[in-house]
Amino acid sequence: MQNSADKSSVHPAVLREGAHGYFASSNSGGGFYSLYDEVFGEKNFEHVYILKGGPGTGKSTLIDKIAAHASSLGLETDVFVCSSDNKSLDGLIIHELGTAILDGTAPHTFDPSYPGVVGEIVNLGATWDSKKLAGNRGEIFRAITGKSENYARAYRLLSCAATAKRDILSVAGTAVLYEKMSVSCARLFARNISSPGTGRVSHRFITGNTCGGVISLGTIDDLCETKITVSESGGIGYFYLDEVKKLAISKGADCMILPDPLLPDTTEAVYFPADKVFYKIASGEEYEEGNIRVNCARFADTELLRKNRVRLRFSARIVETLMEEALSSIAAAGEIHSGIEEFYKEAMNFDGVTEILGRLDEKIFG
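Residues numbered from 1 in each chain as written. Predicted model: local features only at pLDDT ≥ 70, side-chain atom pairs only at ≥ 80, totals over all residues. Heavy atoms only, no water.

Things to note about the pairing of strand β16 (residues 277-282)
The line we're drawing: Only protein chains enter the calculation, and the probe is 1.4 Å; a residue is then buried if its accessible area is under 20% of its type maximum, exposed if over 50%, and partly exposed in between. Secondary structure elements follow DSSP: runs of H or I of four or more residues count as helices, runs of E of two or more count as strands, with numbering from the N terminus. DSSP bridges decide pairing: two strands pair if at least two such bridges lie between them.
Counted residue by residue, β16 has six buried out of six residues, so it is predominantly covered. Going residue by residue along β16, you find V277, Y279 and I281 tucked away on one face and F278, K280 and A282 tucked away on the opposite face as well. Sheet topology note: the strand β13 (residues 226-231)/β16 ladder contains six bridges and is parallel. Following the sheet pairing, I228 is matched in β16 by Y279. The sheet contact formed by strand β15 (residues 267-272) and β16 spans four bridges and is antiparallel. Counted as the bridge partner of Y271 is F278 from β16. Counting the residues in the hairpin turn of β15 and β16 gives four residues, including K276, whose phi is positive at 55°.

Pasting the structure below:
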């Protein structure tokens with residue numbers, strides 16, 4: 001299982017000047033989990049361009065080219081990496097232009113709520129040769145079936161991994177010394193979060209369960225000035241992050257909540273952009289590299305955790321084993337998907353896609 005912010009593990013669009021990389025969805029223990037309605041909600045933008053078309057029709061490439069143009073103009077962007085394929089793109093936001101572009105095909109199907117007013121469909125499928133695709137009908141059917149079977153297996157395994165992780169959290173919940181944690185958390189929060197806010201809360205993923213493994217993007221590490229690393233400590237760290245969220249909401253602090261990709265109802269990190277402060281559950285070298293380190297073992301009934309040590313170790317091993325198998329199935333699905341893309345690429349008129357890109361580029365940048 002890979003856990004990496006390695007530059008070679010993500011799409012190069014994330015690494016451009018002014019680009020901030022996120023995931024807008026996750027392969028989670030509850031299946032495909034999407035933040036699309038929040039991230040790309042049309043009321044937040046002047047223009048939303050929704051790309052339609054099959055695999056290999058150039059959606060990710062089109063997003064990348066628009067992102068490159070934005071970067072060349074010195075515009076800041078949010079670049080959304082595909083939650084299954086870490087080398088592909090699902091969307092782009094250019095905040096200064098009030099513009100979003102996204103892949104609106106399954107599993108993150110997205111259609112305009114205000115067609116022609118804000119949302120506009122861009123159909124790349126209009127440029128393919130249907131006869132060529134029909135000639136490969138049987139092979140395409142078999143490949144799509146195989147891909148679906150691998151995803152179905154992956155989601156079964158992720159569901160089991162999520163159950164095992166909740167078992168860890170259930171023990172942790174009984175062991176938390178809530179009053180001690182609350183007092184300490186509030187004290188640290190007051191020292192580091194001082195900017196008045198509007199109460200704006202947004203959500204993004206910075207970690208994804210992808211065909212390349214568990215990929216963690218270094219976006220917030222690059223943006224923050226103070227990184228507060230919170231030890232996991234047998235699940236206690238998740239309760240500490242819950243306390244941070246409660247404080248942020250009660251104080252009206254603007255923040256970005258970054259859910260855990262396996263259990264999206266829990267939180268792996270919280271970022272406060274005005275103060276450039278980043279709280280994150282971390283272990284090993286990453287924990288030691290924090291500007292401020294919170295050892296959550298201080299907030300636990302150590303005797304209770306000791307009594308449950310065998311149970312906690314068992315559940316942790318189960319999570320790791322199931323995650324490895326789930327990721328292998330997602331990787332297998334990714335390989336099949338690459339084969340499906342080849343069928344569509346052979347049937348595409350990419351000159352037509354280039355014309356669509358030119359028209360879209362003109363609309364966005366003028």
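Describing the environment of L35
Stated precisely, the cut-off is as follows: Residue contacts are defined here by distance: any two heavy atoms, one from each residue, within 4.5 Å place the two residues in contact.
Within the secondary structure, L35 is located in the loop between β4 (31-34) and α1 (36-39). The sequence separation of L35 and H337 amounts to 302 residues, and the corresponding C-alpha distance is 23 Å. If sequence neighbours within four positions are ignored, L35 has contacts with A24, S25, H203, R204 and F205.

Section: the pairing of strand β11 (residues 207-210)
Where burial is concerned, the two faces of β11 agree: the one with T207 and N209 and the one with G208 and T210 are both buried. As paired elements, β11 and strand β12 (residues 213-216) share four bridges and run antiparallel to each other. By the bridge assignment, N209 is partnered in β12 with V214. Where β11 hands over to β12, the hairpin turn is made up of two residues, counted between the paired strands.

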